[in-house]
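# Secondary and tertiary structure notes
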Amino acid sequence: MLELVIGNKNYSSWSMRPWVVLTQAAIPFTERKLRFDGFEPDSAFKRAITAIHPAGCVPVLIDGPLVIADTLAICEYLAEQFPDRQLWPAESAARAQARSAVAQMHSGFGGLRSALPMNIEAQLPEVGARLLASDERLRADLARLFGLWRSLLERSGGPLLFGAFSVADAFYAPVVMRLLSYGVPVPDDLRGYVQAVQQQPGVQAWVRDALSEHDFIAFEEPYRQAPAKA
Ligand SMILES: N[C@@H](CCC(=O)N[C@@H](CS)C(=O)NCC(=O)O)C(=O)O
């Protein structure tokens, strides 16, 4: 049985991606959650994840003796192991575009990722409005993001980036979560895509779990105060 090692579901955008892929594709797996108590070398999280893989980050996929770090490598492995699940588009040009969209997310959009950390349970529209007004890098990333989604959706006809669900939608699912948490205005023609992502069963299952965690991790929270203790 495959095992996916993940972090807190409310916060861990990288963990969300392969978890959604596995769940959408109905690939049997178990999850092992390592709580984010800190990222310092002596934190329980860091010690536990480093004992699994020296990269020291979640997610990690374990398949018997094989231990695979990194979302992109995990998704490529799953696509190879389960070709019938069509995790990438079947057509070569669409597959190249899907890989490009995934790679752009994997190595880019730093302005968006650092300004708006994933926080599924949070509702922070006033923070979103403030950052949109003040953060040029964020605005540039959002313009590029919306342009990318628009061009792919025009080509495929939707409802997802390549018509049916693919790894590309899993890579952008945490971005959809961020747009919702920070109340980022989404252009009219892209609202259908945001809704389609939200409606994917794998995304709904992850969000359900994230909302039931109730685990406030101070170092992951640039914009909220810890709730008062009862
Ligand atoms: N490139 C890696 C990034 C993974 C990553 O940064 N994961 C975060 C949690 S969402 C982490 O484990 N951070 C620990 C650290 O930065 O020390 C991937 O695609 O899997």
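The text that follows walks through the structure, step by step, so that each part is easy to find. Just so it is clear, the model here is predicted, and its values are computed rather than measured. In this numbering scheme, every chain counts its residues from 1 along its sequence in written order. Owing to the predicted nature of the model, reporting of local features is limited to residues with pLDDT of at least 70; listing and counting of side-chain atom pairs is limited to 80 or more, with chain, interface and lining totals taken over all residues. The side-chain values count all of the structure's non-hydrogen atoms but skip hydrogen atoms and water molecules.

### Comments concerning the pattern of salt bridges
Short version of the rule: The term salt bridge refers to a pairing of a side-chain nitrogen on Lys or Arg with a carboxyl oxygen on Asp or Glu at a separation within 4 Å. Between buried and exposed lies partly exposed: a residue is buried under 20% and exposed over 50% of the maximum accessible area for its type, with that area taken using a 1.4 Å probe on protein chains only.
All chains considered together, the criterion is met by 12 salt bridges. A salt bridge links Asp188 to Arg191; the nearest nitrogen and oxygen atoms lie 3.0 Å apart. Looking at Asp188, the relative accessible area reads 61%, which means it is exposed. A cluster of three or more residues bridged by salt bridges with shared partners is formed by Lys9, Glu31 and Asp209.

### Let's talk about helix α1 (residues 13-24)
The cut-off we apply is this: The numbering of helices and of strands both runs from the N terminus, where a helix is a DSSP run of H or I of at least 4 residues and a strand a run of E of at least 2. The span you would expect from a helix comes to 1.5 Å times its residue count less one. Any two residues whose heavy atoms approach within 4.5 Å are treated as being in contact.
A rise of 1.5 Å per residue sets the reference length of α1, with its 12 residues, at 16 Å; its end C-alpha atoms lie 16 Å apart and thus fit the reference within 8%. With nine of 12 residues buried, α1 lies mostly within the body of the structure. Along its buried surface, α1 packs onto β1 (2-6), β2 (29-33), α3 (71-81), α4 (92-107), α8 (167-181) and α10 (201-211). Taken from the residues just after α1, Ala26 is the one with a positive phi, measuring 55 degrees.

### With respect to the site of the ligand
The cut-off we apply is this: The near set for a molecule or strand comprises every residue that places at least one heavy atom within 4 Å of it. Identification of polar contacts relies on pairs of N or O atoms within 3.5 Å, with a donor-acceptor requirement for protein atoms, meaning one able to donate a hydrogen and the other able to accept it, and with residues adjacent in sequence counted only if both atoms are side-chain atoms. For the area figures, the Shrake-Rupley method with a 1.4 Å probe applies, and any residue is considered shielded solely by the protein chains shown.
Taken together, the residues surrounding the ligand are Ser12, Trp14, Phe36, Phe39, Phe45, Lys46, Cys57, Val58, Pro59, Asp70, Thr71 and His106. A distance of 2.4 Å separates an oxygen atom of the ligand from a polar side-chain atom of Lys46. One of the side-chain nitrogen or oxygen atoms of Asp70 is found 3.1 Å away from a nitrogen atom of the ligand. Coverage of the ligand by the protein amounts to 76% of the 510 Å² it exposes when considered alone.

### Some thoughts on the sheet that holds strand β4 (residues 66-69)
Hydrogen bonds along the backbone pair up the strands of a sheet, which may run parallel or antiparallel. Spelled out, the test is: In short, DSSP must find at least two bridges between two strands for them to pair. Under this scheme, a helix contributes an axis fitted over its contacting stretch, all axes are lines through C-alpha atoms, and angles between N-to-C directions fall in the 0 to 180 degree range.
Sheet architecture is open: four strands sit in the order β2-β1-β3-β4, paired in mixed fashion. Each edge of the open sheet carries a strand with a single partner, namely β2 and β4. Sheet twist, expressed as the average angle between the axes of neighbouring strands with direction ignored, equals 20 degrees. Relative to strand β3 (residues 60-63), β1 runs antiparallel, the two being bridged by three bridges. Note that in β3 the partner of Val5 across the bridge is Val60.

### Digging into the layout of surface pockets
Stated formally: The rule is simple: put a 1 Å grid over the protein atoms alone, call a set of points where a 1.4 Å probe fits but cannot get out a cavity, call an open set with protein on both sides within 12 Å along at least five of seven lines a pocket, and count a residue as lining if it has an atom within 4 Å of a point. Grid points are joined across faces, edges and corners, and a volume is the space filled by probe spheres set on the points. Three classes are used: nonpolar for Ala, Val, Leu, Ile, Met, Phe, Trp, Tyr, Cys and Pro, charged for Asp, Glu, Lys and Arg, and polar for all others, with Gly counted as polar. Where each domain starts and ends comes from a domain assignment, either automatic or drawn from a database.
There is about 490 Å³ of room inside the largest pocket. Surrounding the largest pocket, 23 residues form its lining, Ser12, Ser13, Trp14, Phe39 and Val58 being those nearest its centre. Secondary-structure elements contributing two or more residues to the lining of the largest pocket are α1, α2 (44-52) and α5 (110-115). The residue inventory of the lining of the largest pocket, partitioned by class, reads 12 nonpolar, six polar and five charged. If you count residues domain by domain, the lining of the largest pocket takes at least three from each of domain 1 (2-85) and domain 2 (92-208).

### Section: unusual backbone geometry
The omega angle of the peptide bond from Val58 to Pro59 is 5 degrees, so this bond is cis rather than trans. If you trace the backbone, Pro59 turns up in the loop between α2 and β3. In the segment running from Gly158 into Pro159, the intervening peptide bond is cis, with an omega of 0 degrees. Position of Pro159 relative to the elements: it lies in the loop between α7 (136-156) and α8. Of note in the backbone geometry, Ala26 takes a positive phi value of approximately 55 degrees without being a glycine. Assignment of secondary structure puts Ala26 in the loop between α1 and β2. By relative accessible area, which is 57% here, Ala26 ends up exposed.

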